[in-house]
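Working through the structure, step by step
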Amino acid sequence: MSGPRADLRFDRPRRAGPGGLPVALGLALLALLPGRVSAQRYDIRVYSVEQGMPQSQVRSLAQGSDGFIWAGTVGGGLARFDGHAFTTYTAADGLGSQIVMAIAEDSASRLWLAHYEGGVTRRTGGSFETLRAGFPPGPGTDLAEDASGRMWFATRDGGLCT
C-alpha cells in the first residue's frame, strides 16, 4: 500500500469547469420561474343557470363554423352562446331528447346531436329534424364526419353506425 501522495497540493481553489457560472445562474433563474408562472392570472368566467344556461350539467361542447358555442346539457336541451347570451333549444323546437350527449358539425355546416335516449338530431339552417330509424337503441356517445362526408355515430350499446 502506498501512502498519500506528497505532490498533491490543495492550496488553489478548485474551478467549476467550463460553463460553471452560466449553469449556476441558469439554475438560479429556474428556481425563480415557478413564482412567476403562478402569478399569471387568467380571465375565467363561469356560465351556469344564473347566466342563462338552461341547465348546469353540460355533457358536450362544440364551436360551429359560424362562431357560436353549442352546449349539450343533461336535461336542459341544447344551448347556443353568441358571446353575450344563451338561446335554448328543447324538444319543443324539434330535439329528439333533452339530454345531448355529443355535438358535431359536418362540412355542410349542419349541426348533429347524439342523444342519451338514442337517435340523432340534425340542424339544417334553423330547423331541427330527429332521426331514429335504423339507429341501435341506447345512448349515442360521439359523432364524426369522415373525409368523404359520411357521418359516423358511436353508441354505448350498439357499436358504430353510419
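Preceding this section is the structure that the text describes.
One structure accompanies this document, and this report is about it. Here the residue numbering is sequential within each chain, running from 1 through the sequence in written order. With the structure being a predicted model, the display of local features is reserved for residues of pLDDT at least 70 and the display and counting of side-chain atom pairs for 80 or more, all residues being used for whole-chain, interface and lining totals. Note: side-chain values were computed over all heavy atoms of the structure, leaving out hydrogens and water.

Secondary structure elements follow DSSP: runs of H or I of four or more residues count as helices, runs of E of two or more count as strands, with numbering from the N terminus. Within the chain one finds one helix and eleven strands. Partly exposed residues are those whose accessible area sits between 20% and 50% of the maximum for their type, while under 20% is buried and over 50% is exposed, using a 1.4 Å probe and protein chains only. For the chain, with 162 residues in total, the buried portion stands at 31%. A fraction of 30% describes how many contacts in the chain between residues 6 or more apart in sequence connect residues 24 or more apart. If you sum the accessible surface of the chain, you get close to 11,100 Å²; carbon and sulfur atoms cover 56% of it. Working rule for contacts: check all heavy atoms of both residues, and any pair within 4.5 Å makes them a contact. Methods summary: accessible areas were calculated by the Shrake-Rupley approach with a probe of 1.4 Å, and residue burial reflects only the protein chains presented.

Looking now at the sheet that holds strand 7 (residues 120-124). What holds strands together in a sheet is hydrogen bonding between their backbones, with the strands either parallel or antiparallel. Taken together, the four strands give an open sheet; going across it, the order is 5-6-7-8, and neighbouring strands pair in antiparallel fashion. For this open sheet the edge positions go to strand 5 (100-105) and strand 8 (127-131), each flanked by a neighbour on one side alone. In this sheet, adjacent strand axes meet at a mean angle of 20° when their direction is disregarded. Pairing between two strands requires that DSSP report at least two bridges joining them. Pairing between strand 6 (residues 111-115) and strand 7: four bridges, direction antiparallel. Within the sheet, the bridge partner assigned to Leu113 lies in strand 7 and is Thr121. The angle between two axes is taken between their N-to-C directions and runs from 0 to 180 degrees, where each axis is a line fitted to C-alpha atoms and a helix contributes only its stretch in contact.

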